[in-house]
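Residue-level listing of the chains:
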Amino acid sequence: MRDLQNPDMLVPPITDAGLLPNLKFSFSDTSMKLDHGGWSREITVRELPVATTLAGVNMSLTAGGVRELHWHKQAEWSYMLLGRARITSVDQQGRNFIADIGPGDIWYFPPGIPHSIQGLEHCEFLLVFDDGNFSDLSTLSISDWFAHTPKDVLSANFGVPESAFNSIPSEQVYIYQGEVPGLLESQEVQSPFGEVSLTFKHELVKQIPIKTPGGSVRIVDSNNFPISKTIAAALVEIEPGAMRELHWHPNNDEWQYYLTGQGRMTVFTGNGAARTFDYRAGDVGYVPFATGHYIQNTGTETLWFLEMFKSNRFEDVSLNQWMALTPKELVKSNLNAGTELIDSLRMEKWSVVNFPGYSYYPKNR
Ligand code: MN
Ligand code: MN
């Protein structure tokens, strides 16, 4: 029997038409790499071919578990889902960074800048990279480089006998089980060159949200998190019965991660084509550049999700605001609409809307 609280996509809206690429992939459909100390799984252009701008990795570390010292060509943006971790980094001028990250905090490491992550307790986080081709399994790791450098070269480089390298790993370590570190202060290294000039950590959930009836939005980009030059995001909350309004983004594709609840997104790509996808916590969604879309909360709990962009800024165009700021006669004649619609248009942008008479479920269903 059909569960109305967990509807599957038996019948899409009758307005759906035409062909669209697949815009959904679930982390639960990926293969996990499991190590002592933690696990990871990823959704890249290999899993979701349309997603060329960004790639996502879902990672968990145990208390003391370490994602080893490494770097990569891509920028790394991360959102802590649960638990706490300690991150470290050193930049090209010898300025260092260390911070403890808790739920709802984010971090950003610029391309090519080395870093590490260690669980202070069991933790889980979402990593987002500014290239859909990225794989976390092919980064540049300290253990891998040591393993593929002759011992006499290591000896000459560090000025110690070759015997100092007798027990180094013979291949990439990736994730390993370490000891739970002490307080942050006990691990701080005083760099003579100081700390990085722009912080790599930002407390996103503690940010004051833009609230509207039906939900809220927290935007983080290079305006309020200056180091985040290539990734912009919005943390969106949609209450039951509410929806993310009809809109699009004039700067780039949108990569989504659903944190809690369940939702339904319809994407309109022009030429009569529109297609609907259902999402729930742990799913990734994607919206091609500049295509129109909206997201309904189809569940009974609050829907939280992340909108992510390969960009230095968050930008969206509201259908409602566009119409409100256009000559009334023009909008009216174009849509053959009555004054009821025209008079209800809002000049102010409401990212999430909740029309009191609207419910996703027809009352007599
Ligand atoms: Mn990394
Ligand atoms: Mn959007």
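As the structure is a prediction and not an experimental result, all values here were calculated from the model. (Residues numbered from 1 in each chain as written. Chains lettered and ligands numbered in written order. Predicted model: local features only at pLDDT ≥ 70, side-chain atom pairs only at ≥ 80, totals over all residues. Heavy atoms only, no water.)

Re the sheet that holds strand β22 (residues 283–287)
Alright, step 1. The antiparallel open sheet is built from seven strands, whose spatial order is β1-β22-β19-β24-β17-β16-β15. Each edge of the open sheet is held by one strand with a lone partner, namely β1 (24–26) and β15 (210–212). Between one strand axis and the next, the sheet turns through 20 degrees on average, direction left out of account.
Alright, step 2. One ladder, built from three bridges, connects β15 with strand β16 (residues 215–220); its direction is antiparallel. Bridge pairing in β16 links isoleucine 210 to valine 217. (Pairing = 2+ DSSP bridges. Helix = DSSP H or I, 4+ residues; strand = E, 2+ residues; numbered from the N terminus. Axes fitted to C-alpha atoms, helices over the stretch in contact; angles between N-to-C directions.)

Considerations on the environment of glutamine 93
Alright, step 1. Looking at where glutamine 93 falls in the secondary structure, it is placed in the loop between β7 (85–90) and β8 (96–101).
Alright, step 2. Looking at glutamine 93, the relative accessible area reads 49%, which means it is partly exposed.
Alright, step 3. Between the alpha carbons of glutamine 93 and glutamate 195 there is a distance of 9.7 Å; along the sequence they are 102 residues apart. (Buried < 20%, exposed > 50% of the residue type's maximum accessible area, 1.4 Å probe, protein only.)

A short note on the UniProt feature "domain: Cupin type-1" (unreviewed entry) in the protein chain
Alright, step 1. Feature annotation in UniProt places "domain: Cupin type-1" (unreviewed entry) on residues 25–166 and 202–343, given in this structure's numbering.
Alright, step 2. Strand forms 44% of residues 25–166 and helix 10%; the C-alpha atoms that close the span are 44 Å apart.
Alright, step 3. The annotated region residues 202–343 carries 13% helix and 48% strand content, and the separation between its end C-alpha atoms amounts to 41 Å. (UniProt positions renumbered as here; feature names shortened; annotations may be inferred.)

Quick notes on the coordination of the manganese ion (ligand 2)
Alright, step 1. Donor atoms from the polypeptide that bind the manganese ion (ligand 2) are His247 (NE2), His249 (NE2), Glu254 (OE) and His293 (NE2), placed at 2.1 to 2.2 Å.
Alright, step 2. Written as a sequence motif, the donor residues of the manganese ion (ligand 2) are H-x1-H-x4-E-x38-H. Placement of histidine 249 in the loop between β18 (243–248) and β19 (254–260) and of histidine 293 in strand β23 (residues 292–297) is noted, with a sequence separation of 44 residues between them. (Donors = N, O, S within 2.8 Å, 3.2 Å for Na, K, Ca; no water.)

Some remarks on the domain arrangement of the protein chain
Alright, step 1. On domain assignment, one finds that the protein chain holds domain 1 (31–139 + 174–202) and domain 2 (207–353).
Alright, step 2. Taking only C-alpha atoms into account, the centre of domain 1 sits 28 Å from that of domain 2.
Alright, step 3. Listed per partner, the contact involves 26 residues of domain 1 and 24 residues of domain 2.
Alright, step 4. Taking both sides of the interface into account, the surface hidden between domain 1 and domain 2 amounts to around 2200 Å²; carbon and sulfur atoms contribute 77%.
Alright, step 5. There are zero salt bridges connecting domain 1 and domain 2.
Alright, step 6. Here domain 1 and domain 2 share five residue pairs in polar contact (both at pLDDT 80 or more) between them.
Alright, step 7. Elements that contribute at least two residues to the side of domain 1 that touches domain 2 include exactly β4 (55–61), β6 (76–82), β9 (105–109), β11 (123–129) and β14 (201–203). (Domains from an automatic or database assignment. Contact = heavy atoms within 4.5 Å. Buried area = accessible area lost by both parts, 1.4 Å probe. Salt bridge = Lys/Arg side-chain N within 4 Å of Asp/Glu carboxyl O. Polar contact = N/O pair within 3.5 Å; in protein donor to acceptor, adjacent residues only side chain to side chain.)

Observations concerning the nonpolar core
Alright, step 1. Trp77, Trp107, Phe125, Trp255, Leu306 and Met308 are the most contacted members of the largest nonpolar core, which has 72 residues in total.
Alright, step 2. Residues lining this core come from more than one domain, with at least three contributed by each of domain 1 (31–139 + 174–202) and domain 2 (207–353).
Alright, step 3. If near-sequence neighbours (up to four positions away) are discounted, tryptophan 77 is found in contact with Ile106, Trp107, Tyr108, Leu126, Leu127, Val128, Val220, Ser228, Ile231, Ala233, Leu306 and Met308.
Alright, step 4. By size, the runner-up hydrophobic cluster in this structure holds five residues, among which are Ala324, Val331, Ile342 and Leu345. (Core = buried A, V, L, I, M, F, W, Y, C linked by side-chain atoms within 4.5 Å.)

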